[in-house]
Amino acid sequence: MVSLATLELASAPAHRLTLQTAAIAPDSTAIRCLDWDRDRFDIEFELQNGTTYNSFLIRGEKTALIDTSHGKFKDLYLAELQALVNPAEIDYLIVNHTEPDHSGLIGNLLALAPQITVVASKVAIQFLQNQLHRPFGFQMVKSGDRLDLGNGHELTFISAPNLHWPDTMLTYDGSTGVLYTCDVFGLHYCDDSLYDEMPTLLEADFQLYYDCLMGPNARSVLAALKRIEPFAIGQIATGHGPLLRHHIADWTGRYRTWSEAQAQAEPFVAIFYAGEYGHSDRIVHALGQGLLKTATAVELVDLLDTDIPAVRELVSTAAGLVLGMPPQTAPGLEPILSTILAAAHPKQAIGLFETGGGQDEPIFPLRNRFQELGLESAFEPILIKATPTEATDKLCEEAGTDLGQWVNRDRTQKQGQSHNSGLDQALGRLSTGLYILTARKGDVTSAMLASWVIQASTEPPGIAIAVAKDRAIESLLHWGDTFVLNVLEEGNYQRLMKHFLKRFPPGGDRFEGVATYAATNGSPILAEALAYLECTVNHRMEAADHWMIYCTAKTGRVAKPNGLTAVHHRKASNHY
Ligand code: FEO
């Protein structure tokens, strides 16, 4: 029997937030936060039908909450939760995924109920420790681990890394057959229907969501589908949209069909690492981010949780390999490493990293073996000697991007050659100035030569810049980030242009040998620039292979009042 209760919060219809609670199975309640008018999610995609953030409560002899909600639902959600259960009686918070739309209220919940033990994957616990800045009790769980809540509610955790974050796991309640999946199988669709009675209303949003969040990791989706096969699933309690009960085979079948097609069509990189060892999760996350910037699919393989046939198949079909050094002492590793070496072939690139676990396999002998086999090193071995920092993350992200560019080099070259039509030549006649973008974020700096720059508003003064998705500086140009736009001077730009057009190694210092001083926002100003603007990113729009970045300029200065901006004349649109 499903009971529904809806509470209205806002009177302004433009931002309607409501809340729905419903019994979904014995001792199991859904708390759905309905965000009716949200029109954009992350930076990736526009929403047509709002979204929901779903949280769940299971009451056995012990009480567990599964995920929380977005911070915007703080008052509604916490009031409803306290009406359902005394927070002091919640034993566990199970966190399937740590993005803020699900974890946004964990800090508030822990303030109300500090006795809660947070149950999550190792990487999720690490993310939460960085997010919450407060101590909390936790229990790290791996795939296959169980937690008995009593009254038959034994939970099984199923690892699903890369769907769409490395922290992701699924939680299965054996007594009710409910699989709690957070983002996985979700969709951004907001209405009062608790379940998927009308699939035709949902399928377009279901597919858009898959394409944006899950499609880039199609091989990881297939691995997760395999892991859930043994479970008798009566319903899928997703973190977004309606719960899936009436057409489960159809929805999971769509994930399988799309993922199989995607996995066959795309070159991919296989990353082998020891998931529970050292800082490998964090490094793999950063490498994966860099690979995704080049639209390269990634397959993650835990060296301590795989088998020889699967490794052989992956290594022989991957376009690139990454190997995180496992602990020398781990049992059963030698045949796995031998299989990787035996199946690797000269058409592949290889990248290696240390995990910082303290007892890593020596990295250089393995690098040498791969080189002897004819594999190309996509990046120099990454040596982790201390706890990773933001600079380490950036280095790893750039290494991932370099590998992704290597994997896609043939495709990129073909695209370049095909751009010689009248249209491309006409587009090439659009001329702009020459600029160097410089940015600092924490310990990380970056720079790039830019020419697709225009003034985009007068009040406030704003500019728009197109930045290719695989640029290193792109990750420093998100909403709220600051940077400097340096204007190059006609007759005095060749040296700077040449310098910033160079290919830098991952984590390389872009400013070595270049005179700079700090702007008030901290980014470097080039001493030789004709003028500069200090800017803040206000908006990002996806423009196919570029991000169109709109920013407001706060401060500006011209060094030479009579100087002229360097102008860039091109012959075709595929060249800057
Ligand atoms: Fe719904 Fe990845 O957060």
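A quick note: this is a predicted structure, and the numbers were derived from the prediction, not measured. (Residues numbered from 1 in each chain as written. Predicted model: local features only at pLDDT ≥ 70, side-chain atom pairs only at ≥ 80, totals over all residues. Heavy atoms only, no water.)

**Some remarks on the overall build of the chain**
Next up, step 1: Each helix and strand in the chain was counted, giving 15 helices and 31 strands.
Next up, step 2: On C-alpha atoms alone, the chain measures out to a radius of gyration of 25 Å, which is about the 25 Å that the 2.2 N^0.38 rule sets for 576 residues.
Next up, step 3: When burial is assessed residue by residue, the chain has 54% of its 576 residues classed as buried.
Next up, step 4: Here the contacts in the chain between residues at least 6 apart in sequence split such that 70% fall between residues at least 24 apart.
Next up, step 5: Here the chain displays about 24300 Å² of accessible surface, and carbon together with sulfur accounts for 53% of that area.
Next up, step 6: In the chain, 45 positive and 67 negative side-chain charges are present, and the distance between their average locations comes to 8 Å. (Helix = DSSP H or I, 4+ residues; strand = E, 2+ residues; numbered from the N terminus. Rg over C-alpha atoms; globule rule 2.2 N^0.38 Å. Buried < 20%, exposed > 50% of the residue type's maximum accessible area, 1.4 Å probe, protein only. Contact = heavy atoms within 4.5 Å. Areas by Shrake-Rupley, 256 points an atom, 1.4 Å probe, with all protein chains shown as cover. Lys, Arg positive; Asp, Glu negative; His and termini not counted. Charge placed at Lys NZ, Arg CZ, Asp CG, Glu CD.)

**Describing the packing of aromatic side chains**
Next up, step 1: Considering all chains together, one arrives at 12 aromatic pairs under this definition.
Next up, step 2: Following the ring pairs from residue to residue traces out a cluster consisting of Phe185, Phe206, Tyr210, Trp251, Tyr255 and Trp258.
Next up, step 3: Over the ring of Trp406 we find Arg409, and its NZ or CZ is 3.6 Å from the ring centre.
Next up, step 4: It is Lys469 that lies over the ring of Trp547; its NZ or CZ is 5.3 Å from the centre. (Phe/Tyr/Trp six-rings, centres within 6.5 Å; stacked < 30°, edge-to-face > 60°. Lys NZ or Arg CZ within 6 Å of the ring centre and 35° of its normal.)

**Re the pattern of salt bridges**
Next up, step 1: A full pass over the atoms with the stated rule returns 19 salt bridges.
Next up, step 2: In this structure, the salt-bridge partner of Lys385 is Glu354, at a minimum N-O distance of 3.2 Å. With a gap of 31 residues between them, Lys385 in the loop between β20 (376–377) and α12 (390–407) and Glu354 in the loop between β19 (349–353) and α11 (363–372) connect regions that are remote in the sequence.
Next up, step 3: The exposure class of Lys385 is exposed, given its relative accessible area of 67%.
Next up, step 4: Look at Glu354 and you get buried, because its relative accessible area is 12%. (Salt bridge = Lys/Arg side-chain N within 4 Å of Asp/Glu carboxyl O.)

**Considering a nonpolar patch on the surface**
Next up, step 1: The grouping of Leu423, Leu427 and Leu430 at the surface amounts to a nonpolar patch, some 300 Å² of accessible area in total.
Next up, step 2: Tracing the backbone shows Leu427 in helix α14 (residues 422–428). (Patch = residues over 30% accessible without salt bridge, like charges linked within 9 Å, V, L, I, M, F, W, Y side chains within 5 Å.)

**Quick look at the sheet that holds β19**
Next up, step 1: Strands sit in the order β17-β16-β18-β19-β20 across an open sheet of 5 strands; the sheet is parallel. If you trace the sheet from one side to the other, it starts and ends with β17 (297–302) and β20, each paired once.
Next up, step 2: Both strand β16 (residues 268–273) and strand β18 (residues 320–324) contribute to a ladder of 4 bridges, which runs parallel. Note on β18: the bridge partner recorded for Val269 is Gly320.
Next up, step 3: Packing against the sheet, α12 makes contact with β16, β18, β19 and β20, and its axis sits at approximately 155° to β18. (Pairing = 2+ DSSP bridges. Axes fitted to C-alpha atoms, helices over the stretch in contact; angles between N-to-C directions.)

**Here's the deal with the environment of Ala399**
Next up, step 1: Locating Ala399 in the fold gives a position in helix α12.
Next up, step 2: Given the relative accessible area of 0%, Ala399 is considered buried.
Next up, step 3: Separated by 152 residues in sequence, Ala399 and Cys551 have C-alpha atoms that sit 28 Å apart.
Next up, step 4: Residues within four places of Ala399 in sequence aside, it is in contact with Leu287, Phe379, Ile382 and Pro506.

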